[in-house]
Amino acid sequence: MATHLAAVSPAKGQPFELQTRRTPKPGPDELLIAVKSVALNPADVYMRDQGLFIPAYPTVIGFDMSGLVLEIGDNVPKSYRPGISHVAAYAASFWRSCDPDYGAFQERCLVPWQHAVPLPDDSISWNEAATLPVAVEVALNAWDVMGILRAGEATASSAPNNVGKREALLIWGGSSSVGTMGIQTARLLRDDPTSSIAAVYATAGSANKRYVGSLGADRVFDYKGSRVVDVIVSAAKEDGLVIRHCFLATGQLAPCQAVLKAFLEGDQQGKMAKIGSAPVVPPDAEVVDGVETIFVMPSAVEGERLEQFRYYIGTWLRESLAKGTIRPSPEPSVVGKGLGGINAGLDELLRGVSCTKLIIEVAE
């Protein structure tokens, strides 16, 4: 019986324990991946410390990974080749009731093929590849839930109110992982001549403004500024633009609401301004008339979710990497080698990081 090592979550609030697990066989539409690197996410901390989303223990968690395809199940496309295909993948444990076979924090992991993307060549390292899946899915999903047409899908007649490019798209928390990818994806919307997006605005700390600008933000605002909302509103008006949509990658909801509220009168024509929020929306969050806040999550319906992931990860990410129109962001920072480093890595993430993605190298 084949076995592998895993960082197992034994109970709510307990640190991971290294244990040997039976290596599963892939079922229909599944890949068995030899995990090379994992990227750490805030959700991993909440799941370890608070038991978020976990119905039963013990289990294995983790979302972002890169690795080598070892085996494939029935119905998997021929582009996934055992022993050859290098992939980045978004683990599916959340949608498998936290079945430990589907968590990323182990040496062998099952993944639906729709959640994975074959990497175009060796120019992307395992560590860089592991930064991509969650960030790409959340950013692209944010545009979808807010009703922003995908790049290349808009036409002149379908542009909002048929008035052309008049909108600045705001990414709050632009130096976070999902924020940096939000900027890169928003840049492609801006560059689409049929999109209503004319500029990309972002917030970041002063130390990260140059990097955030290099990803495609036209204006970068210091979120720590006492008048940051007024500064953003004034900048948009100076540019002759409105702000109807905000992607809250990380940070507080209230300033995003305040920015959008400033543009409600006389411009919305009965339409809601929208915030796509990567953080869970607090139940006691203030409700602002005319501003809708939507928690960014994939569909709970299995077939719909797989189609979403097939587009976000398998199509959009694959094509964008091949064309070189996006790059892994932010820069990966290795904080551990081997699964035993995950606990310390999550503790570091909990203390706060900016403009970097924490990585555990699971294997060479």
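Residues numbered from 1 in each chain as written. Predicted model: local features only at pLDDT ≥ 70, side-chain atom pairs only at ≥ 80, totals over all residues. Heavy atoms only, no water.

- Per an unreviewed UniProt entry, the protein goes by the name GroES-like protein and belongs to Aspergillus novofumigatus.
- Under the UniProt heading Sequence similarities (unreviewed entry), the note attached to the protein is "Belongs to the zinc-containing alcohol dehydrogenase family." (UniProt positions renumbered as here; feature names shortened; annotations may be inferred.)

### Some details on the sheet that holds strand β10 (residues 219–222)
Then, in step 1: As summarised here, the arrangement of the six strands in space is β10-β9-β8-β11-β12-β13, forming an open sheet in which the pairing is parallel. What marks the edges here is a single partner per strand, and that holds for β10 and β13 (291–295). Each strand of the sheet is rotated relative to its neighbour by a mean of 20 degrees, with strand direction disregarded.
Then, in step 2: With five bridges joining them, strand β8 (residues 167–172) and strand β9 (residues 197–204) adopt parallel strand pairing. When the bridges of β9 are listed, Glu 167 appears paired with Ile 197.
Then, in step 3: Sheet strands in contact with helix α4 (residues 177–191) are β8, β9 and β11 (245–248), and its direction is about 165 degrees off that of β9. (Pairing = 2+ DSSP bridges. Helix = DSSP H or I, 4+ residues; strand = E, 2+ residues; numbered from the N terminus. Axes fitted to C-alpha atoms, helices over the stretch in contact; angles between N-to-C directions. Contact = heavy atoms within 4.5 Å.)

### Side note on unusual backbone geometry
Then, in step 1: Backbone torsion omega between Tyr 57 and Pro 58 reads -5 degrees, so that peptide bond is classified as cis.
Then, in step 2: Note that Pro 58 resides in the loop between α1 (42–50) and β4 (64–72).
Then, in step 3: Geometrically, the link from Ser 329 to Pro 330 is a cis peptide bond, its omega value of -10 degrees lying close to zero.
Then, in step 4: Along the chain, Pro 330 falls in the loop between α8 (302–323) and β14 (332–337).
Then, in step 5: Not every positive phi belongs to a glycine, and Asp 29 is a case in point at roughly 65 degrees.
Then, in step 6: Within the secondary structure, Asp 29 sits in the loop between β2 (17–22) and β3 (30–39).
Then, in step 7: The class for Asp 29 is partly exposed, based on a relative accessible area of 27%.
Then, in step 8: One non-glycine residue, Cys 98, adopts positive backbone phi at about 60 degrees.
Then, in step 9: Structurally, the position occupied by Cys 98 is in the loop between β5 (86–90) and β6 (108–112).
Then, in step 10: According to the relative accessible area criterion, Cys 98 is buried, its value standing at 3%. (Buried < 20%, exposed > 50% of the residue type's maximum accessible area, 1.4 Å probe, protein only.)

### Things to note about the side chain of Arg 48
Then, in step 1: Turning to its location among the elements, Arg 48 is positioned in helix α1.
Then, in step 2: The exposure class of Arg 48 is buried, given its relative accessible area of 5%.
Then, in step 3: Excluding anything up to four places from it in sequence, Arg 48 contacts Ala 11, Lys 12, Gly 13, Gln 14, Pro 15, Phe 16, Ile 61, Asn 343, Leu 346 and Asp 347.

### Details of helix α7 (residues 253–261)
Then, in step 1: Buried residues of α7: Leu 253, Pro 255, Cys 256, Gln 257, Val 259 and Leu 260, and no others.
Then, in step 2: Of the surrounding elements, those touching the buried residues of α7 are β8, α6 (228–238), β11, β12 (273–277) and β13.

### A few points about the pairing of β11
Then, in step 1: The alternating pattern of β11 places His 245 and Phe 247 on one face and Cys 246 and Leu 248 on the opposite face, and all of these are buried.
Then, in step 2: For β8 and β11, the ladder comprises three bridges, and the chain directions are parallel. Bridge assignment links Ile 171 to a residue of β11, and that residue is Phe 247.
Then, in step 3: Across four bridges, β11 lies against β12 in parallel orientation. Residue pairing across strands places Cys 246 opposite Ile 275, the latter belonging to β12.

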